[in-house]
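# Commentary on secondary and tertiary structure
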Amino acid sequence: MNDGKIRRVSRRITRGAAALTATAAVLAAASVSAQAAPAASRTAPPPTATAVLADKYVKDTTPPPRRVWRTVALSVPKGSHIAGYCYVLDGTLGVPQVGRPCDNSWVAAGADGSARINVRPLQSPFNDLTVVAVGADGQPSQVSTDLRIQTAWGPVDKLGDITGDGKTDLLSRLGTVMRHDAGKGNGRLGQTRWARVDVSTTLYARVGIVDGSANNGLLALANGRIMSLGGDGIGDFGPESCCLYSPDGNDWSNVTQLTGAMNVAGKGTAGFVVVRGGQIQYYGATEFSVRPAVTLGVADKNTQLVGVQDFSGDGKPDLLVRDGKVLKLYAGNGDGTFKAPVVFAKGYDVSNLVDITSDGDANGDGKADLWATTTTGGLVFIPGLGKKGFGKPLLLARTGWKGVQLY
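Now for a quick tour of the structure. (Residues numbered from 1 in each chain as written. Predicted model: local features only at pLDDT ≥ 70, side-chain atom pairs only at ≥ 80, totals over all residues. Heavy atoms only, no water.)

### Observations regarding the pattern of salt bridges
Enumeration over the complete set of coordinates arrives at nine salt bridges. One salt bridge in this structure joins aspartate 181 and arginine 179, with 2.7 Å as the shortest N-O distance. For aspartate 181, a relative accessible area of 2% corresponds to the buried category. You can call arginine 179 partly exposed: its relative accessible area is 21%. The closest approach of N and O atoms between aspartate 359 and arginine 206, which form a salt bridge, is 3.3 Å. Taken as a pair, aspartate 359 in strand E23 (residues 353-360) and arginine 206 in strand E11 (residues 203-209) lie far apart in primary sequence, 153 residues in all. Of the two residues, aspartate 359 and arginine 206, both sit in the buried class. Several salt bridges converge on common partners, so that one network encompasses Arg66, Arg67 and Asp157. (Salt bridge = Lys/Arg side-chain N within 4 Å of Asp/Glu carboxyl O. Buried < 20%, exposed > 50% of the residue type's maximum accessible area, 1.4 Å probe, protein only. Helix = DSSP H or I, 4+ residues; strand = E, 2+ residues; numbered from the N terminus.)

### Some points on the pairing of strand E17 (residues 279-285)
Taking burial as the measure, the seven residues of E17 include six buried ones, the bulk of the element. Summarising the sheet, strand E16 (residues 270-276) and E17 pair through seven bridges and their orientation is antiparallel. Counterpart to valine 275 in the pairing with E17 is isoleucine 280. If you look at the hairpin formed by E16 and E17, you'll find two residues sitting between the two strands, and glycine 277 has a positive phi there, around 60 degrees. The pairing of E17 with strand E18 (residues 294-298) spans four bridges and is antiparallel. Looking at E18, one finds that glutamine 281 is bridged to threonine 295. (Pairing = 2+ DSSP bridges.)

Following this line, the structure appears as C-alpha cells:
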C-alpha cells in the first residue's frame, strides 16, 4: 500500500473514532439527564369544593317543602384553577377521571373558580348533594363535598298521585318500557313520560309511601324477592331497596299477581295482596317486615287482582277482583280482614276488557274509579259510583294499548 492510501485510511479511522466518541458522549449525557430529571408530572388535584345554600330560604326558620328549587353556591380557594364542578343530588357520584367526563350533572366554573347551581330536593325531610371540583386537566378533587338540604315534612301525596299535583296518574308497562301518563283530574290523561324503572322486574304494584319520603312508590317482585322503590314525587322512582321477606320463610317465586293494599288495617298501614299457590292472600307490612298471610279465597286462571280501594264507599278499603266476566268485591272490615266475596256491580260485563286497574279516585268525585285496556287495543276510563258499582266507560284511546299492562 502506497503512502497516499495509508494516509486516507488513517484519516477515515480517525474520523470514525471521533464520531463514536461523540455519540457515546451524547448517550451518556442523555442517560445522566434521564436519571436527574423528575418523572413527568400532572398538576396537583384541585382543592375540595365548598357548597352552601344561597337563596331566599336560608333566612327562614323552617325549610321549604320538597319540590321547591334551591340555589347552591360552589367555590374553591382563591387562586385555584378549575374547569368546573361535577355534582349529583340523592344519588351516586360517578367521579370523573382524565379523559372521562362527568357522569352526573356538570357546571363550568367562572374565572374566580365559583359557580351556582339550582337543584330540586324531592325527598322529605332531607336530601344529600355531593360535589367534586374538577381541574382543567380532568382531575377531580380527592375529597368530595356533601351538603345536606333539609325540607319541611309533607304534605303526603294522595294515593295514586305520583307527580305531586293531587291528581291520580296511570302507570303502565309494555315490554321493557315503563310509561307514566299524568292524570288530568277528570279521568282523562295528559302528558306522557317514560320512567327510569328497571323493567326486567317480573311484577310491579302501586303502593303508598315505602321509604318515609312522603312520595308514593312501588313494590317490585323479581327472582323471588319483593323490593320497594321510593317515588321521587315528580313521576319517577328510585333504585330498588331489598327486601320484604315472606313470614313463612319461603321466597315469593310462586307469586303470579301482586297489588298494593294501603290502609287496610287502619289509616297509615301498609300491605299488599298476592295470588300465590292458587290462593288470594293479604299481607300486612311495615318498612322492614311482613305479617303472616290472611287467605281470602281461591284463585284460578280467570282471577285478576284489580286493586285495593274503597269501592263500596264506606270508608274502608276493599279488594276488587275480576272473575271472568264479572267483578267481585272482598269488602274490607278496616282491621286487616275481609268479608267473603260477592258479585259487585251486578250486570256489569267486563268480558271486553283485558287488563283492569284502580288507583283510587281519578275524576275528583271521591269514588274509586277504573282504567282498563280493551280487546281491540283501546283504553277506557270507568267512573266509580260507590256502592252502585261503575258507570259507562269513557273511551280514551281506540288503539295503541294492546299488550299493555296497567298498574
